[in-house]
Amino acid sequence: MDDAQTMVITGTRKGIGRYLVEYYAARGWQVIGCSREPVDFSLPNYEHYCLSVSDESAVSTMFAAIRKKHGRLDVLINNAGIASMNHVLLTPIRTVQDILNTNVVGTFLFCREAAKLMRKHRYGRIVNFATVATPLKLEGEAMYAASKAAVESLTQVLSRELADFGITVNAVGPTPVKTDLIRSVPQEKMTALINRQAIRRYGEFQDISNAIDFFIRPESDFVTGQILYLGGV
Amino acid sequence: MRDRDKVIRLIYAAVDEINETLPQERQVTKSVETVLFGRSSTLESLDLVGLIVSLEEKLQEEFDTSFTLADERAMSQQRSPFRNIGTLADYISEF
Ligand SMILES: NC(=O)c1ccc[n+]([C@@H]2O[C@H](COP(=O)([O-])OP(=O)(O)OC[C@H]3O[C@@H](n4cnc5c(N)ncnc54)[C@H](OP(=O)(O)O)[C@@H]3O)[C@@H](O)[C@H]2O)c1
């Protein structure tokens with residue numbers, strides 16, 4: 001067991017998750033991450049698990065290992081997520097199931113297992129990932145927006161169920177950020193979307209870590225159940 | 001089939017943990033007759049949640065498989081396995 005502040009981040013192989021690993025590891029956090037595929041980087045205070053976030057037994061084994069090795073968990077960042085730009089009439093049910101499993105079931109499982117561990121020290125910070133696609137009712141992303149609406153609802157209800165354990169649960173809702181997630185979305189769709197923001201630019205990784213920094217500060221113990229959209233949405 | 005005495009020892013260890021967080025007048029007695037659930041229990045619902053979670057952890061460590069105690073199987077039984085420590089031990093022994 002160790003005294004370093006411990007953080008779990010899901011979906012760390014690439015994109016926002018990978019940036020968050022580098023950002024928090026550089027600030028002295030013990031970071032534990034996961035993704036389905038292995039990562040092509042290594043850091044001294046980073047451990048990786050290869051699993052799908054919706055695989056209950058793999059997730060529970062991962063948390064049993066964290067409990068044994070670190071005996072604590074301070075922060076959970078539920079970043080793993082998938083999207084699929086598609087008209088509803090052309091969306092296969094398999095896509096629907098994959099989106100719900102990763103975005104909703106995965107977020108739920110990690111919240112549940114993390115809270116069990118955080119409960120021991122009566123302290124915890126959970127940050128989930130929402131999206132501006134939900135409030136903007138983005139056409140072509142029906143299941144993605146709906147799955148993130150479920151994440152928002154989960155965030156709000158869990159904030160109440162976990163308050164007595166000293167755990168806060170919030171969500172950050174990024175605007176488009178240039179990662180593989182949005183690579184297949186046509187440029188004119190992106191421009192139209194960004195034009196609906198108060199501040200019209202792409203989001204940067206730093207915009208997201210800035211919001212997370214706020215939620216996970218010890219001083220933010222009175223901030224819970226909130227969805228923070230970026231870009232003025 | 002699991003050794004019932006071992007299961008009871010694990011339940012008592014989980015009770016010890018919960019007792020550390022409870023005031024004197026609400027301490028849970030370590031006896032198979034201790035009521036865990038319902039009006040005559042000293043446990044509030046959140047304490048019972050804590051007790052079940054600690055017990056699941058201890059069972060997982062001891063028997064190396066994961067346990068979900070409060071699943072539909074438990075909840076759909078006419079008489080809840082959470083009535084008292086003895087019935088809970090019976091239920092887990094047969095898991
Ligand atoms: N980029 C944006 O414009 C944007 C906007 C709003 C919200 N978001 C949200 O931000 C989060 C991160 O998105 P991103 O842009 O960084 O996406 P990304 O570049 O596509 O990366 C997704 C990450 O999640 C992992 N992942 C996917 N499914 C998984 C599963 N079932 N189990 C474990 N890991 C899984 C991936 O690794 P593997 O493939 O190896 O599993 C990858 O590391 C998502 O929740 C997304 O909804 C992004």
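Our subject is the structure that appears above.
About the criteria used
- Sequence order as written defines the numbering, with residues in each chain counted from 1.
- In the order they appear in the text, chains get letters beginning with A and ligands get numbers beginning with 1.
- Side-chain atom pairs in this predicted model are given and counted only at pLDDT of 80 or more, local residue features only at pLDDT of at least 70, and totals for whole chains, interfaces and linings cover all residues.
- Hydrogens are left out, water is left out, and the side-chain values use all remaining heavy atoms of the structure.
- Each helix is a run of H or I in the DSSP string that is no shorter than four residues. Each strand is a run of E no shorter than two, and both are numbered from the N terminus.
- Note on method: radius of gyration uses C-alpha positions; expected globular size equals 2.2 Å times residues raised to 0.38.
- When checking whether two residues touch, look at their non-hydrogen atoms; a contact exists if any pair is within 4.5 Å.
- Surface accessibility in these figures is a Shrake-Rupley result with a 1.4 Å probe; residues are shielded only by whichever protein chains are displayed.
- We count Lys and Arg on the positive side and Asp and Glu on the negative side, and we leave His and both chain ends out.
- Every charge is mapped onto a representative atom, which is NZ of Lys, CZ of Arg, CG of Asp or CD of Glu.
- Two parts placed together each lose some accessible area under a 1.4 Å probe, and the buried area is that loss summed for both.
- The term salt bridge refers to a side-chain nitrogen of Lys or Arg lying within 4 Å of a carboxyl oxygen of Asp or Glu.
- Pairing of N or O atoms within 3.5 Å defines a polar contact, subject to two protein rules: one partner must be a possible hydrogen donor and the other a possible acceptor, and residues neighboring in sequence count only if both atoms are side-chain atoms.
- A pair of Phe, Tyr and Trp rings is counted when the ring centres sit within 6.5 Å of each other, with Trp represented by its six-membered ring. The angle between the planes then sorts it: under 30 degrees is stacked, over 60 is edge-to-face, the rest tilted.
- Note on classification: 1.4 Å probe, protein chains only; a residue is buried when its accessible area is under 20% of the maximum for its type, exposed when over 50%, partly exposed between these limits.
- Geometrically, a charge over a ring is one whose NZ (Lys) or CZ (Arg) sits within 6 Å of the ring centre while staying within 35 degrees of the ring normal.
- Only when DSSP finds a minimum of two bridges between them are two strands counted as paired.
- Crossover handedness is defined here as right-handed if the route from the first strand over the helix to the second strand goes clockwise, with the strands pointing away from the viewer.
- Orientation is described by lines fitted to C-alpha atoms, with helices fitted over the stretch in contact, and by angles between N-to-C directions that extend from 0 to 180 degrees.
- In what follows, roughly perpendicular refers to angles from 65 to 115 degrees, roughly parallel to angles under 35, roughly antiparallel to angles over 145, and oblique to any angle outside these ranges.

Draft legend 1. Representation of the overall build of chain B within the structure. The number of helices and strands found in chain B is 4 helices and 0 strands. For chain B, the sequential pattern of α-helices and β-strands runs α-α-α-α. Whereas a compact globule of 95 residues would reach a radius of gyration of roughly 12 Å, chain B reaches 12 Å, a difference of no more than 12%. With respect to the three principal axes, the spread of C-alpha positions in chain B is 35 × 30 × 20 Å. Contacts in chain B between residues far apart in sequence, at least 24 positions, make up 58% of those at least 6 positions apart. For chain B, the exposed area adds up to about 5,500 Å²; of that, 46% sits on carbon and sulfur atoms. Distance between charge centres in chain B, computed from 11 positive and 18 negative side chains, equals 5 Å.

Draft legend 2. Layout of the interface of chain B and chain A. Across the boundary between the two partners, chain B contributes 9 residues, which contact 8 residues of chain A. Taken over both partners, the interface formed by chain B and chain A buries close to 860 Å², and the fraction arising from carbon and sulfur atoms is 44%. Of all residues in chain B, the largest losses of buried area upon contact with chain A belong to Leu46, Glu57 and Gln60 of chain B, amounting jointly to 50% of the total for that side. Between Glu57 of chain B and Lys120 of chain A there is a salt bridge, with the nearest N and O atoms lying 2.6 Å from each other. Remark: the boundary between chain B and chain A carries 4 residue pairs in polar contact (both at pLDDT 80 or more).

Draft legend 3. Geometry of the packing of aromatic side chains. Applying the stated criterion across every chain yields a total of 10 aromatic pairs over all chains. Their ring planes at 25° and their centres at 5.1 Å tell us that Tyr19 of chain A and Phe205 of chain A sit as a pair that is stacked. Within this pair, whereas Tyr19 of chain A is found in helix H1 (residues 15-26), its partner Phe205 of chain A is found in helix H6 (residues 205-216), the two being separated by 186 residues in sequence. Pairing Tyr24 of chain A with Trp29 of chain A gives two aromatic rings, centres 6.2 Å apart and planes at 85°, and the pair type is edge-to-face. You can call Tyr24 of chain A buried: its relative accessible area is 1%. A relative accessible area of 12% places Trp29 of chain A in the buried class. Of the aromatic side chains, those joined through ring pairs into one cluster are Tyr19, Tyr23, Tyr24, Trp29 and Phe205 of chain A. Seen from the ring of Phe63 of chain B, Arg2 of chain B lies directly overhead, with NZ or CZ sitting 4.9 Å from the centre.

Draft legend 4. Representation of the pairing of strand S1 (residues 6-10) of chain A in the model. Residue and element names in this part refer to chain A. Most of S1 sits inside the fold, with 5 of its 5 residues counted as buried. Burial along S1 is two-sided: Thr6, Val8 and Thr10 facing one way and Met7 and Ile9 facing the other are all buried. Relative to strand S2 (residues 30-35), S1 runs parallel, the two being bridged by 5 bridges. Of the residues in S2, the one forming a bridge with Thr10 is Cys34. After leaving S1, the chain enters H1 and then returns to the sheet as S2, a path that is right-handed. Pairing geometry for S1 and strand S4 (residues 75-78), over 3 bridges, is parallel. Note that in S4 the partner of Val8 across the bridge is Leu76.

Draft legend 5. Just the packing of helix H2 (residues 56-69) of chain A against helix H2 (residues 45-63) of chain B, in detail. Packing of H2 of chain A against H2 of chain B leaves a shortest axis separation of 12 Å and a crossing angle of 90°. Taken together, the axis directions place H2 of chain A and H2 of chain B in an arrangement best described as roughly perpendicular. Within the contact between the two elements, H2 of chain A uses Ser60, Ala64 and Arg67 of chain A and H2 of chain B uses Glu57, Gln60 and Glu61 of chain B.

Draft legend 6. Geometry of unusual backbone geometry. Residue and element names in this part refer to chain A. Phi angles above zero are rare outside glycine, and Arg122 is one such case at about 50°. Phi is positive for Lys137, close to 50°, though the residue is something other than glycine. As for its position among the elements, Lys137 is in the loop between strand S5 (124-129) and helix H4 (142-161).

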